[in-house]
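Structural overview for review
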Amino acid sequence: MDFNQPIISIVSKAGKTKSKTTPLMTQYFKLKAKNPDAIMLFRVGDFYETFAEDAIKASQALGIVLTSRNNGGSDIELAGFPYHSLDTYLPKLIRAGYRVALCEQLEKPSKEKKIVLRGITDVITPGVTISDSILDNKANNFLASIHFTQRGLHGVSFLDVSTGEFLVSEGTIDAVSKLIESLNPSEIIYSKNYESLLTSSFGEKYYHYGMDEWVYSFDYTREKLLDKFNVKNLKGFGIEEYELGQIAAGSILHYLSTTQNEKLGHITAINRIQSDNFVWLDRFTIRNLELVGSVHETGKSLLQILDQTSSPMGARLLRKWILMPLISIPKITTRHDAVSYFLVNENTTLQLDGIIKGIGDLERIIGKVSMEKINPRELVQLKKSLLASKEIKSILNASDQPTLKKIADNINPCEHAVALISQTLVDEPPTLLIKGSVIRKGHNPELDEYTHLVANSKKILLDIQQKEIEATGITNLKIGFNNVFGYYLEVTNKYKNQNLIPDTWVRKQTLTNAERYISDELKQIETKILGAEEKISVLEDRLYNELVQSLMEYINPVQQNAQVLGQLDCLISFAKVSSRHRYVRPTIDESFDIIITKGRHPVIEQQLPIDQSYVPNDITLSNEDTQIMMITGPNMSGKSAVLRQTALIVLMAQLGCFVPADEARIGLVDKIFTRVGASDNISSGESTFMLEMNETASIMNNVSERSLILLDEIGRGTSTYDGISIAWSLAEFLHNNQTANPKTLFATHYHELNELANKYSRIKNYNVATKEVGNKVLFLRKLQEGGCEHSFGIHVAAMAGMPKQIIDRAIEILHELEKKSIESGEFNTDHDIKNKVANLAAPAYQLSIFETVDPTAGKLKETIQQIELNTMTPIECMMKLNELKKMVEE
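Summarised in this report is the structure supplied together with it. (Residues numbered from 1 in each chain as written. Predicted model: local features only at pLDDT ≥ 70, side-chain atom pairs only at ≥ 80, totals over all residues. Heavy atoms only, no water.)

What to know about the overall build of the chain
Along the chain, the regular secondary structure elements total 31 helices and 29 strands. For the chain, buried positions account for 50% of its 890 residues. A total accessible area of about 43,500 Å² is found for the chain, and carbon and sulfur atoms account for 51% of it. (Helix = DSSP H or I, 4+ residues; strand = E, 2+ residues; numbered from the N terminus. Buried < 20%, exposed > 50% of the residue type's maximum accessible area, 1.4 Å probe, protein only. Areas by Shrake-Rupley, 256 points an atom, 1.4 Å probe, with all protein chains shown as cover.)

Structure (structure tokens):
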């Protein structure tokens, strides 16, 4: 379809061809051609309209009425909403996965022009938006770009347009996937040629948009970066050698220009993601430990427990800290020192926390200044935030804590910016500039004059009227107005011939009983009054924009304020959580030991019922002694909780937070790996077992001496002895390999693995204690030395509500298999088990008349079986017999 022709052919919803369009629709289709893949919101008067396919999509996504309009003799689909409802409907379109192009009227309608000039002013996508109604103020909104190559190494870059944070890295597809999982971008852009690689790596989890291949060329993208930062090379940013990363980053700048986002003064730097400075957490570990999101609808993440921040900057930073724990002992200690200070000095902590709550989203506010998309109320909030920054700086300087003094040194109160805003804007301006009354009285004499005119126009005219009455003696002189010649002086015929009319008056109209005149003074006042409102609007707009421009020089210092205030907020959050949940300060050292006394799971302990308390456990791991803890025990006994709590305590310690334990000494950990739980990925052809093996292989190929590894139920997705063999071999490898002896918690149902402790010195057996009472098993959730010889799987099945006849039959089969195993005295194969199962007597389900014929009889049988006569008194026996009788009667 050629959208550039004035006469075009389009197909209507009825399928008929139309040969012409109205002028309005001709304009629409020309603009639509520039953004064919976006829903275009076309401003028509007080409405945003959508047409044709866009209208169908919009009506479905927004739940608005789909109608039609005449288009040169035939109908075209139409759906729209009032322009003032944009903040309501735009987020819905973006969340539905649509790109949206805003087409605005660029001039005021007039009688002389049939068609108002229109143009695309903004293109909004999930990754390119600064709308508060779309963004989550507790999370970054990253746009990611991936530069795929055939060499196995790829470039990746992340930009949060709302905050100006610009990051770059490169690595294998696993490394890129880890960063994507961690930073969770709202949108991914890439070269169209790599569509299949993108979908095979990430599926449909992320909104993505393919661009032309030529965009991802080194020369073009590097030039975009050099121009943006006005530099000759990128050495100052530490990414000069990151050619793949530069391509990814430069393509983001290209994408922004295509979406009408070119005012990017708040993007002042680009930073390399230095993975060597942080604990390595692969995407499996981030998911398995539920660090920033739970895999269960009712579950909670570690982030939700630790997040007691009071500002959006702190909330966003805390998420990054959790995903990037430190491996520098001095930096970790610095954070611990600050948390200790806040715990001891509660009054100061409360005072600072209260001030931070009133700061608002300083980071995104200054970003809007740069993009010239900030409203008056947000500028007043910027002023309040800077005043609060000054107060915080004063409090921190009064402390004797080095970390806090350093934060104070980095706070710039920007006093001149505060003065500019105070002098220019009223204290409580409206959100929208077009509503007026934004500029403070006294800031601009010309504006004050026009404002005075509008507010006092009636009185001004009355004053002129009274002055002319006194000057001429015409007592019934009046001032009136009409649309032909504006304001006039009206004199009745009684005074017309008395020579009282001044020579400076000009006659404009003769009536039956009066004459109408105008004077120079009246015309001057008329010009001012009639043009005052429009001139007020123009003046306020100019003065406001001048203020925004003058604030551009404060972008860097305000961004720095936002960063350090975010750090302060995170440290105070750690103190609040530590105080509330009885966390203790851990010791971090260079050893290879992890010693935790009465450790607790930080998430589970907060979700227990009020009448239950978490059972703490001790953990001692050492590369030289207890390198591998082989933990056995039944399902639901708490093995997985012990594994996870150990990793979370280590991670929290290296975040700079205190930990849920009575005492903790952590030898620095550089990598945390987990293989905990799995689910099928059928769409990619991967079973549970394949996923398990992929994750496990990734661990074994990347271990280091300071790694912490959590392995849970390795080998359960295949046959029993296949699984045992794999688990056995893995344990041997971790113990014997020459590369590293990583500390490992190995939870398993295979109690045969207890034999490993007899063969290898650094493998120790532990089990989660249980207690059998009659036919029931109690989970004590206490870790103790020694292996466990029972899995209690049938007990767990009974607790889950499995039908009793299934449980009884399972017990029979188990006893028979165990009896035959004991009799053979051999380490049986799967073939042996098959033979034993084949020789088992068939269950007599058809004889269970109690369950199938008479439900009451079944209940009687079950109740009688549960009676323990040896422990009952005569009275209790009589009561039980009465209960059985009532059961029959019912």
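Text resumes after the structure shown.
A short note on the packing of aromatic side chains
Inspection of every chain in the model, using the stated rule, returns 18 aromatic pairs. Between the aromatic rings of Trp-214 and Tyr-220, the centroid separation amounts to 5.3 Å while the plane-to-plane angle is 65°, which identifies the pairing as edge-to-face. In this structure Trp-214 comes out as partly exposed when scored by relative accessible area, which is 48%. Through successive ring pairs, a cluster of aromatic residues spans Tyr-28, Phe-29, Phe-42 and Phe-51. Sitting over the ring of Trp-280, Lys-178 keeps its end group 5.3 Å from the ring centre. For the cation-ring pair, Arg-335 lies above Trp-321, with the distance from its terminal atom to the ring centre recorded as 3.6 Å. (Phe/Tyr/Trp six-rings, centres within 6.5 Å; stacked < 30°, edge-to-face > 60°. Lys NZ or Arg CZ within 6 Å of the ring centre and 35° of its normal.)

Some words on empty space enclosed by the protein
Going through the model one piece at a time under the given rule, you end up with one cavity of 30 Å³ or more. Looking at the largest cavity, its volume works out to about 60 Å³. Lining the largest cavity we find Ala-139, Asn-140, Phe-142, Ser-182, Leu-183, Arg-316, Arg-319, Lys-320 and Leu-323. Mapped by element, the contributors of at least two residues to the lining of the largest cavity are helix H4 (173-183) and helix H10 (312-323). Among the elements that make up the lining of the largest cavity, the one with the highest residue count is H10 (four residues). For the lining of the largest cavity, the per-class residue count stands at four nonpolar, two polar and three charged. (1 Å grid on protein atoms, 1.4 Å probe; cavity = no way out; pocket = protein on both sides within 12 Å on 5 of 7 lines; lining within 4 Å. Points joined across faces, edges and corners; volume = space filled by probe spheres on them. Nonpolar A, V, L, I, M, F, W, Y, C, P; charged D, E, K, R; others polar.)

Observations concerning the sheet that holds strand S20 (residues 587-589)
Two modes of strand pairing occur in sheets, parallel and antiparallel, and in both the strands are linked by backbone hydrogen bonds. Taken in spatial order, the four strands of this open sheet run S20-S24-S21-S22, and their pairing is mixed. At either margin of the open sheet sits one strand with a lone partner, and together these are S20 and strand S22 (617-622). Neighbouring strand axes in the sheet, compared pairwise and without regard to direction, differ in orientation by 15° on average. Here five bridges tie strand S21 (residues 593-599) to S22, and the two strands are oriented antiparallel to one another. Along S22, the bridge assignment pairs Gly-599 with Asn-617. Each of S20, S21, S22 and strand S24 (663-667) is contacted by helix H22 (residues 639-655), which is oriented at about 110° to S21, the strand it contacts most. (Pairing = 2+ DSSP bridges. Axes fitted to C-alpha atoms, helices over the stretch in contact; angles between N-to-C directions. Contact = heavy atoms within 4.5 Å.)

Some points on the nonpolar core
Counting 128 residues, the largest nonpolar core has Leu-306, Leu-379, Leu-382, Ile-392, Leu-568 and Ile-672 as its most contacted members. Of all the elements, helix H20 (residues 555-581) adds the most residues to this core, at twelve residues. Here Ile-392 is in contact with Leu-352, Ile-355, Ile-356, Ile-359, Ile-411, Leu-565 and Leu-568, once residues within four sequence places are set aside. Counting 27 residues, the second largest nonpolar core, distinct from the first, contains Tyr-242, Ile-252, Tyr-255 and Ile-267. (Core = buried A, V, L, I, M, F, W, Y, C linked by side-chain atoms within 4.5 Å.)

What to know about the sheet that holds strand S12 (residues 187-191)
Here we have six strands laid out as an open sheet, ordered S13-S12-S9-S10-S11-S14, and mixed in their pairing. The outermost strands of the open sheet, each flanked by one partner alone, are strand S13 (207-211) and strand S14 (271-272). Where strand S9 (residues 143-147) and S12 come together, three bridges link them in parallel fashion. Opposite Leu-143, over in S12, you have Glu-187 as the bridge partner.

With respect to the environment of Ala-38
In this fold, Ala-38 is placed in the loop between helix H1 (23-32) and strand S3 (39-44). On the accessibility criterion, Ala-38 (2% relative accessible area) is buried. Ignoring anything within four residues of it in the chain, the contact list for Ala-38 reads Lys-32, Asp-54, Arg-99, Val-100 and Ala-101.

So, the side chain of Gln-559
With respect to the secondary-structure elements, Gln-559 resides in helix H20. Among residues more than four places away in sequence, those in contact with Gln-559 are Thr-163, His-266, Thr-268 and Ile-366.

Focus: the pairing of S13
Taken across its five residues, S13 has four buried, putting it largely inside the fold. Where the polypeptide runs from S12 across helix H5 (residues 195-202) and back to S13, its parallel neighbour, the crossover connection is right-handed. (Right-handed = clockwise from strand over helix to strand, strands pointing away.)

Brief notes about helix H6 (residues 218-229)
A rise of 1.5 Å per residue sets the reference length of H6, with its twelve residues, at 16 Å; its end C-alpha atoms lie 17 Å apart and thus fit the reference within 8%. Among the residues making up H6, those that are buried are Thr-221, Arg-222, Leu-225, Leu-226 and Phe-229. Down the axis of H6, the smallest arc covering the buried residues is 140°, so these residues share one side. Exposed residues on H6 whose side chains face more than 90 degrees from its buried face are Asp-219 and Asp-227. (Expected span 1.5 Å × (residues − 1). Arc of directions from axis to C-beta.)

A word on the environment of Ile-327
Examined against the element boundaries, Ile-327 turns out to sit in the loop between H10 and helix H11 (329-344). Classification of Ile-327 as partly exposed rests on a relative accessible area of 23%. As for Ile-327 and Leu-668, which are separated by 341 residues in sequence, their C-alpha atoms are 6.8 Å apart.

Quick word on the packing of H10 against H20
The description of two packed helices rests on the angle between their axes and on the distance between the axes. In the contact formed by H10 and H20, the axes pass within 8 Å of each other and the chain directions differ by 70°. Between H10 and H20, the angle is such that the two are roughly perpendicular. Each of Met-313, Gly-314, Leu-317, Leu-318 and Trp-321 in H10 lies in contact with H20, whose residues at this interface are Ala-562, Gln-563, Leu-565, Gly-566, Gln-567, Asp-569, Cys-570, Leu-571, Ser-573 and Phe-574. Partitioned by chemical class, the residues of the contact of H10 with H20 number nine nonpolar, five polar and one charged. (Parallel < 35°, antiparallel > 145°, perpendicular 65-115°, else oblique.)

Considering a nonpolar patch on the surface
Taken together, the side chains of Ile-875, Met-878 and Met-879 make up a nonpolar region of the molecular surface, amounting to roughly 370 Å² of accessible area. Examined against the element boundaries, Met-878 turns out to sit in helix H31 (residues 874-889). (Patch = residues over 30% accessible without salt bridge, like charges linked within 9 Å, V, L, I, M, F, W, Y side chains within 5 Å. Salt bridge = Lys/Arg side-chain N within 4 Å of Asp/Glu carboxyl O.)

Some details on H22
Structurally, the α-helix is built with 3.6 residues per turn, so residues lying three or four positions apart point the same way. Over its 17 residues, H22 runs 25 Å from end to end, which matches the ideal 24 Å to within 8%, given 1.5 Å per residue. Where burial is concerned, most of H22 is hidden: 15 out of the 17 residues are buried. Phi turns positive, to about 110°, at Gly-656, one or two residues after H22.

A word on unusual backbone geometry
Even without being a glycine, Glu-290 presents a positive backbone phi close to 50°. By the secondary structure assignment, Glu-290 is in the loop between helix H8 (283-288) and helix H9 (302-306). In this structure, Glu-372 takes a positive phi of about 55° despite not being glycine. Positionally, Glu-372 belongs in the loop between helix H13 (362-370) and helix H14 (376-397).

As far as function goes, none of this settles anything; it's purely spatial.
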